[in-house]
Amino acid sequence: MRFRTSRLTLVVGLMTVLLSLAVPANADEASDPILDDLVTPLGLAVGNEGSIYVAQSFAGTLTQVRKGTESNLFEGAGVVTGVEANGRGNLTYLLNAEVVVRTPNGKTRTLANLFDYEAANNPDESNSYGFQGLSDECAAQVPDFVGGGYPFPGIVDSNPYAVELMPDGDRVVADAGGNTLVRVASDGAVSTLAVLPPRPATINAATAGAFGLPPCTIGETFNFDFVPTDVELGPDGMLYVTSLPGGPEGESPLGPRGAVFKVNPSTGAITEVATGFAGATDLAVTKNGTIYVTELFGNQVSMVSGGGPVPVASMAEPVAIEYAKGTLYVASGVEGPGQVVALMP
């Protein structure tokens, strides 16, 4: 594993290290479980009529709860990640690297294959990752597992993780492996909406010691992957994106580096909204523009305020969140057992 942990499939591995340093918190603020005994509930959606949909990612299962009745809409090979609902039974979900559309009668069709798009275009190839500006002498001492001591471009890597349905019927997908937001039109045409920039960090002495980096790297810049983990349309027409910034964070020497960004869906322009989250894996935006973020490594749900997180509810391993009709729904328990609970913001 390289220092640049770009794929969300590495989340569980990171948790093994980081959560061993944290004490899981209680969830006294939450409702009783609406769903429980889930396996890696990384994706969550709520239909406008109240149905709840959960992507049990590593189990390859898409689960629905409608009027208290639980059923599986999909069970098969592969990894189900993001899911988005548009009315009862109208779904878009991500299966492996494919964008799949499901109608209320259960018929499905593959709208696009985003790995094929990534392989043909590699949009973040123009980004510069890794150490920036080391001397040749210093670069020669940097171990290969962090990518070496020289900058490197974005590689072909696709892990579509979250999807949002736009008013015009297009889908916007956060590709955690490709470090991009891609737009998928209703006819299946794929285009790059935004190439998300590297997340720079200054290497401190503690980080250098923890990862066996030479002393000459202390004070130098390492560009990590952006790793977008969710995309939501806000009431202002902007897209809001969470970033799990690649590499160590949370209880690591670099500290919490998760962030929320705003992306203009017309121009792709990117603005940082808040930072300092310990594992920003998902977000929800209310009708009045309030943003809530699941902090996987912080064992809490936080509200964005003053450019950073303000904790509002504690629970073990919150990983996905949705807002619907005045209620926040949260999926938690990545290492199991997973569950979905309700919170009143």
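As the structure is a prediction and not an experimental result, all values here were calculated from the model. (Residues numbered from 1 in each chain as written. Predicted model: local features only at pLDDT ≥ 70, side-chain atom pairs only at ≥ 80, totals over all residues. Heavy atoms only, no water.)

Enquirer: Just give me the short version of the nonpolar core, but keep the residues and values in it.
Expert: In this structure, Leu-44, Ile-52, Val-54, Val-319, Tyr-329 and Val-340 are the most contacted members of the largest nonpolar core, which totals 23 residues. Listing elements by their share of this core, those giving two or more residues are strand 1 (35-38), strand 2 (41-46), strand 3 (52-56), strand 26 (318-324), strand 27 (327-332) and strand 28 (338-343). Not counting the four nearest positions on each side in its chain, Val-319 is found in contact with Pro-41, Leu-42, Tyr-161, Thr-281, Asp-282, Thr-294, Leu-296, Ala-331, Ser-332 and Val-334. In terms of nonpolar packing, the next biggest core, distinct from the first, is built from 15 residues, Ala-174, Leu-193, Phe-226 and Val-241 among them. (Core = buried A, V, L, I, M, F, W, Y, C linked by side-chain atoms within 4.5 Å. Buried < 20%, exposed > 50% of the residue type's maximum accessible area, 1.4 Å probe, protein only. Helix = DSSP H or I, 4+ residues; strand = E, 2+ residues; numbered from the N terminus. Contact = heavy atoms within 4.5 Å.)

Enquirer: A description of the pattern of salt bridges should follow, citing residues and the corresponding values.
Expert: A full pass over the atoms with the stated rule returns 2 salt bridges. Across the salt bridge formed by Arg-66 and Glu-49, the nearest N and O atoms sit 3.7 Å from each other. Of this pair, Arg-66 sits in strand 4 (residues 61-66) while Glu-49 is found in the loop between strand 2 and strand 3, placing the two residues 17 residues apart along the sequence. Taking the relative accessible area as the measure of exposure, Arg-66 reaches 25% and is therefore partly exposed. (Salt bridge = Lys/Arg side-chain N within 4 Å of Asp/Glu carboxyl O.)

Enquirer: I'd love a proper account of the packing of aromatic side chains, names of residues and values included.
Expert: Under the criterion given, the structure shown has 5 aromatic pairs. Ring centres of Phe-74 and Tyr-93 lie 6.1 Å apart, and the angle between their planes is 40 degrees; on these two criteria the pair is classed as tilted. Placement of Phe-74 in strand 5 (residues 69-75) and of Tyr-93 in strand 7 (residues 91-95) is noted, with a sequence separation of 19 residues between them. The buried category is assigned to Phe-74, whose relative accessible area is 19%. Judged by relative accessible area, which is 3%, Tyr-93 ranks as buried. Put simply, the rings of Phe-131, Phe-222 and Phe-224 touch in pairs and so form one group of aromatic residues. (Phe/Tyr/Trp six-rings, centres within 6.5 Å; stacked < 30°, edge-to-face > 60°.)

Enquirer: I'd like a rundown of the side chain of Glu-295, residues and numbers included.
Expert: For Glu-295, the location among the structural elements is in strand 23 (residues 291-295). Here Glu-295 is buried and forms no salt bridge, its nearest opposite-charge partner Arg-199 lying at an N-O distance of 12 Å. One polar contact links Glu-295 to Ser-302, side chain to side chain, over a distance of 2.5 Å. Discounting residues that sit within four places of it in the chain, Glu-295 has contacts with Gly-276, Phe-277, Ala-278, Gly-279, Gln-300, Ser-302, Pro-309 and Pro-318. (Lys, Arg positive; Asp, Glu negative; His and termini not counted. Polar contact = N/O pair within 3.5 Å; in protein donor to acceptor, adjacent residues only side chain to side chain.)

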